Structure formats: structure tokens, C-alpha cells
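# Chains, contacts and geometry: an overview
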Amino acid sequence: MNESSNDLPANSLAGTFAERLIAWQAEHGRHDLPWQNTRDAYRIWLSEIMLQQTQVATVIPYYGRFLERFPDVAALASAPQDDVMALWAGLGYYSRARNLHRCAQVVVAEHGGRFPSDPETLATLPGIGRSTAAAIAAFAYDAHAAILDGNVKRVLARVFGIEGFPGTPKIEREMWALAESLLPKSDLPAYTQGMMDLGATLCGRGKPRCGECPFDSDCVAHATGRERVLPTSKPKKVQPERYVDVLVICAHERILFERRPDSGIWGGLWSFPELTPPAGEREVDDASLRERLSAHAAALGARQGVVQSIVPLQGLTHVFTHFRLHLRPWLVTLSGASAARSGDLRHAWFDTAGIAAAGLPSPIRKIADALAAISPDDGQLSLPA
DNA sequence: TATCCGTGGGT
DNA sequence: TACCCAAGGAT
């Protein structure tokens, strides 16, 4: 079947789309990002994973630190997961880091340490979906494969006037077909980079610079004055609120941390032990709350001493994609002569150096940093700043 | 198929 | 301020 027969819009642009994009990329695209100018599939793969749902400027420092610590896939595969998580901390979407680690191990164990060259095989690896597989294959091996990320969706929606939220399966199917029909026969790296560059620079979400665009005269959205409404935005809904009390348990100049389970929010990272209020009992009285806090803290820190004081710290609200989390930290100071070590593998006492090296989610890092600023006199905490 | 999964920047 | 959403994938 001829792929260009039915799925292409009746648009004269279709025949020259790739040529014009490649020419524009050579002249106006980006050529000096840290992960460009290499054919090393490891480096390309690492960048693509970090760039999933994450902007270029955010990724750059993480990418450099990561490569320095893990220069090749073998180094990453043999590293402890905790080291990987610590270098990823702050970047978000932590399942990416766990999948990255697993993927490296699979590449070493099952592919001789070399990334597969075809997109179908790449897409079977952990953390690599259809679009990421196409990007890796195109950049590293010149594969004839289409990407479909946020940039491409925005460009296609505007240039070809595609209505409807691109997150729905129907629109997404249309866009995959269109993206594949537009592929050139050669120059796949330049073409793929061009789609990303156009979407990230001229054809950005906010104010598209249509005057500089190679498709200016052919863009449906521009011709109809719909640059600002295409692509159709995601239907919004009210996000739920969650409340949680966290225990900042301090004893012997150390703080107790709890490793979060792999599944769920902040999976695999270190956080403070938490106390989720019973549903519908948000407004429990202060005394009973303190009683529960104290009991929980005493149970966790039993071998470190007895609860000496409980002091509320500055709370904060963290906004996630699908809910808002209200964090209420309590500083619990234990007193006692014990110098016992931490108990189980899920818990660990960190001093300031340990905190600095640990993989902490951003809001938890923020609370920890604020703690270090508390002087011993007014905070009853003797951690050095 | 819809939901879950972070964080930071832009408007 | 509040909202949108980024080089998406897994379940």
C-alpha cells in the first residue's frame, strides 16, 4: 500500500516539507547541544531519556554530571541504583532513572553492550517507547523512523491545521501516520533535529515567530489566525489536594530518612517518614496529632532515645501534574545516650554530608536545606550549617 | 483507555 | 497568581 495516498492532507506542502525543514535546520537549527555531534548511541540514548517531558536547559547540567560519573553503558550497568538515583534527584519522573539503570543492564547482558540499531528492538527496552526509539535510531544509525514528541505534535497541528487534543488516541494515530508520511529518504538526523528545533524555537507554545518560519506561507494555523489555539489544549480538570505530615527526626546530630518504595511518587528516593492523616480527619485537634506524631517517631527512633520535643517547621505546598501536596514537617528531637545504628534497610540516619549526597526529592531537599540554617540555640538542632 | 509519574520555566 | 506544559512511557 502506498503510505502517501490517504493519510496526507491535500496540501501542496507535503512533497517538499522534509527538504525545506532540512534546509532550515542547517541554517537556523541548533548544532552545539551537549548530546549533538556524536554517533555514540549511549550518549544519545541518555539525552533522549533525560529530555522526556523535560526542557533542554534543565537537562544540560544533569547530563554533564551523569556522563562524568557513568562514561559508558557498562559503567552505568554496574553502578548501585542508589548512585543512579542520587544523580537523577531533582530531575523528576524517577521511573526514568530506574528504567535507565535496568536498560543499561539489559544492553550489557543481552546485546553485548551495544544498543540495537532498529527502532522496533529499541522500543522493547525499559523506558524506550516508540518516539524515543525512533530518535535514538535516527541520530545514531540513520534509521528511517519518525518521532512524535511535543514539538512535532505542535508543528504538525499548526502547519496542517489538525484540530483536537493530540493526547487522544484518535489524533495521535493521525499524527503518527502524518509524521511517517513526511519522512525524507535520507538525512534522517538533520530532519529529526529540524522537527525538534522548529518546535522548540520558532514554533513554540507561547508566541510563534511565524515571520521566520520556512512554512509561513503554507501553515494552516497561520493562514487562519489560529497559531494560538493550535494544538488544541488538554481539557482541564480540578486536581485533588493531599495532605501529609512528615517527621524530621533528629538525634545525635543526624536525621532519620526513609527510602520510598519503587512504585508511586518519588519512587526509590529518600524522604522523611510520613504520617498520612486519616481520611476526613484533617482538622484533628493539635493534642491528638502530636500524640500520633510522638508515637510514630518514638517507634522509628526507639533505639536512639525518647522524644524530647516536637516543633512545627515551615510547611510548603508542592504542585504535581495530577495533585497538590501539602507538606507539614515536624521537627522531632530525641534525647538519650544511645548511639545505636539504623535498624532496617528502609531507614537510615544521615548527617549533613549524608544528606548532601542522598537522592532527595526537591521539596524534601528544600526542607532539609532550611534545617541546616537553623541555629542550635533556637532550633534545638545541632547540625552544622 | 485513562491515569500515574516531577520539576521548572514561561505567560 | 494560576495555569500550561516540556525531546513520553508504563501500567
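Residues numbered from 1 in each chain as written. Chains lettered and ligands numbered in written order. Predicted model: local features only at pLDDT ≥ 70, side-chain atom pairs only at ≥ 80, totals over all residues. Heavy atoms only, no water.

An unreviewed UniProt entry annotates chain A as Adenine DNA glycosylase of Pandoraea fibrosis. UniProt annotates chain A under Catalytic activity (unreviewed entry) with the comment "Hydrolyzes free adenine bases from 7,8-dihydro-8-oxoguanine:adenine mismatched double-stranded DNA, leaving an apurinic site." Per UniProt, the comment on chain A under Function (unreviewed entry) is "Adenine glycosylase active on G-A mispairs. MutY also corrects error-prone DNA synthesis past GO lesions which are due to the oxidatively damaged form of guanine: 7,8-dihydro-8-oxoguanine (8-oxo-dGTP)." (UniProt positions renumbered as here; feature names shortened; annotations may be inferred.)

## As for the overall build of chain A
In terms of regular secondary structure, chain A is built from 16 helices and 8 strands. Residues counted as buried form 45% of the 385 residues belonging to chain A. Taking as baseline every contact in chain A between residues at least 6 positions apart, the subset at least 24 positions apart corresponds to 68%. Accessible area for chain A stands at about 19,100 Å²; split by element, carbon and sulfur atoms hold 52% of it. (Helix = DSSP H or I, 4+ residues; strand = E, 2+ residues; numbered from the N terminus. Buried < 20%, exposed > 50% of the residue type's maximum accessible area, 1.4 Å probe, protein only. Contact = heavy atoms within 4.5 Å. Areas by Shrake-Rupley, 256 points an atom, 1.4 Å probe, with all protein chains shown as cover.)

## Some details on the pattern of salt bridges
Oppositely charged side chains can pair when the atoms bearing their charge come close. In the structure shown here, the tally under the stated rule is 15 salt bridges. Notably, a salt bridge pairs arginine 20 with aspartate 218, separated by 2.9 Å at the nearest N-O pair. Of the two residues, arginine 20 sits in helix H1 (residues 17–28) while aspartate 218 sits in the loop between helix H11 (188–200) and helix H12 (220–223), which places them 198 residues apart along the sequence. On the basis of relative accessibility, which here comes to 25%, the residue arginine 20 falls in the partly exposed class. For aspartate 40, the salt bridge goes to arginine 43, with nearest N and O atoms at 3.8 Å. (Salt bridge = Lys/Arg side-chain N within 4 Å of Asp/Glu carboxyl O.)

## Focus: the protein's contact with DNA strand C
Around DNA strand C, a shell composed of 27 residues is seen, among which Trp35, Leu51, Gln53, Thr132 and Asn151 lie nearest. Here the atoms of DNA strand C within 4 Å of the protein split so that 68% fall in sugar or phosphate, with bases taking the remainder. Within the side chain of arginine 30, an N or O atom sits 2.9 Å from a base nitrogen of DNA strand C. In the environment of DNA strand C, a base oxygen lies 3.0 Å from a nitrogen or oxygen atom belonging to the side chain of arginine 205. Within the residue set of the surface near DNA strand C, elements represented by two or more residues are helix H8 (130–141), helix H9 (150–159) and H11. Looking at the surface near DNA strand C residue by residue, the classes come out as 8 nonpolar, 11 polar and 8 charged. (Near = heavy atom within 4 Å. Polar contact = N/O pair within 3.5 Å; in protein donor to acceptor, adjacent residues only side chain to side chain. Nonpolar A, V, L, I, M, F, W, Y, C, P; charged D, E, K, R; others polar.)

## Observations concerning the protein's contact with DNA strand B
Taken together, 23 residues surround DNA strand B, and among them Tyr94, Trp266, Val319, Thr321 and His322 come closest. Each atom of DNA strand B within 4 Å of the protein was assigned to sugar, phosphate or base; sugar and phosphate come to 61%. At 3.4 Å from a sugar or linking oxygen of DNA strand B is found a main-chain nitrogen or oxygen belonging to glycine 90. Note that a phosphate oxygen of DNA strand B is positioned 2.9 Å from one of the backbone N or O atoms of serine 362. Of all the elements in the fold, those that place two or more residues in the surface near DNA strand B are strand E6 (316–319) and helix H15 (362–372).

## A few points about the UniProt feature "domain: HhH-GPD" (unreviewed entry) in chain A
Annotation from UniProt places "domain: HhH-GPD" (unreviewed entry) at residues 50–201. In residues 50–201, the share of helix is 63% and the share of strand is 0%. The end C-alpha atoms are 19 Å apart.

## Considering H9
Here H9 lies mainly inside the structure; 9 of its 10 residues are buried. Buried within H9 we find Asn151, Val152, Lys153, Arg154, Val155, Leu156, Ala157, Arg158 and Val159. Residues of H9 that are buried in the fold lie against H1, helix H10 (169–181), H11 and H12. Measuring from the side-chain oxygen of the N-cap residue of H9 to the backbone nitrogen of asparagine 151 gives 3.0 Å; that N-cap residue is aspartate 149. Once H9 ends, the next one or two residues include glycine 161, with phi positive near 60°.

## Brief notes about unusual backbone geometry
Cis geometry marks the peptide bond from leucine 230 to proline 231, where omega comes out at 0°. Tracing the backbone shows proline 231 in the loop between H12 and strand E1 (241–251). Backbone geometry at glutamine 53 places phi at a positive 55°, although glycine is not the residue there. Mapping glutamine 53 onto the fold places it in the loop between helix H2 (41–50) and helix H3 (56–69). Of the residues examined, glutamine 53 reaches a relative accessible area of 71% and is grouped as exposed. Of note in the backbone geometry, tryptophan 266 takes a positive phi value of approximately 55° without being a glycine.

## Section: H2
In terms of burial, H2 is a largely internal element, 9 of the 10 residues being buried. Those residues of H2 that fall on the buried side of the exposure criterion are Ala41, Tyr42, Ile44, Trp45, Leu46, Ser47, Glu48, Ile49 and Met50. Considering only its buried residues, H2 is in contact with H3, helix H4 (73–77), helix H5 (81–88), helix H6 (95–110), H8 and H11. Residue aspartate 40 occupies the N-cap position of H2, its side-chain oxygen lying 2.9 Å from the main-chain nitrogen of tyrosine 42.

## Focus: the packing of aromatic side chains
Throughout the structure, instances matching the rule amount to 12 aromatic pairs. Ring geometry for tryptophan 45 versus phenylalanine 115: centroids 4.8 Å apart, planes at 45°, classification tilted. Residue tryptophan 45 is found in helix H2, and its partner phenylalanine 115 is found in the loop between H6 and helix H7 (119–122); the two are separated by 70 residues along the sequence. Residue tryptophan 45 is classed as buried on the basis of its relative accessible area of 0%. Taking relative accessible area as the criterion, phenylalanine 115 reaches 3% and is therefore assigned buried. Following the ring pairs from residue to residue traces out a cluster consisting of Phe257, Trp270, Phe272 and Phe350. The ring of tryptophan 176 carries arginine 130 above its face, with NZ or CZ at 3.7 Å from the centroid. Across from the ring centre of phenylalanine 323, 3.8 Å away, lies the NZ or CZ of arginine 242, which sits over that ring. (Phe/Tyr/Trp six-rings, centres within 6.5 Å; stacked < 30°, edge-to-face > 60°. Lys NZ or Arg CZ within 6 Å of the ring centre and 35° of its normal.)

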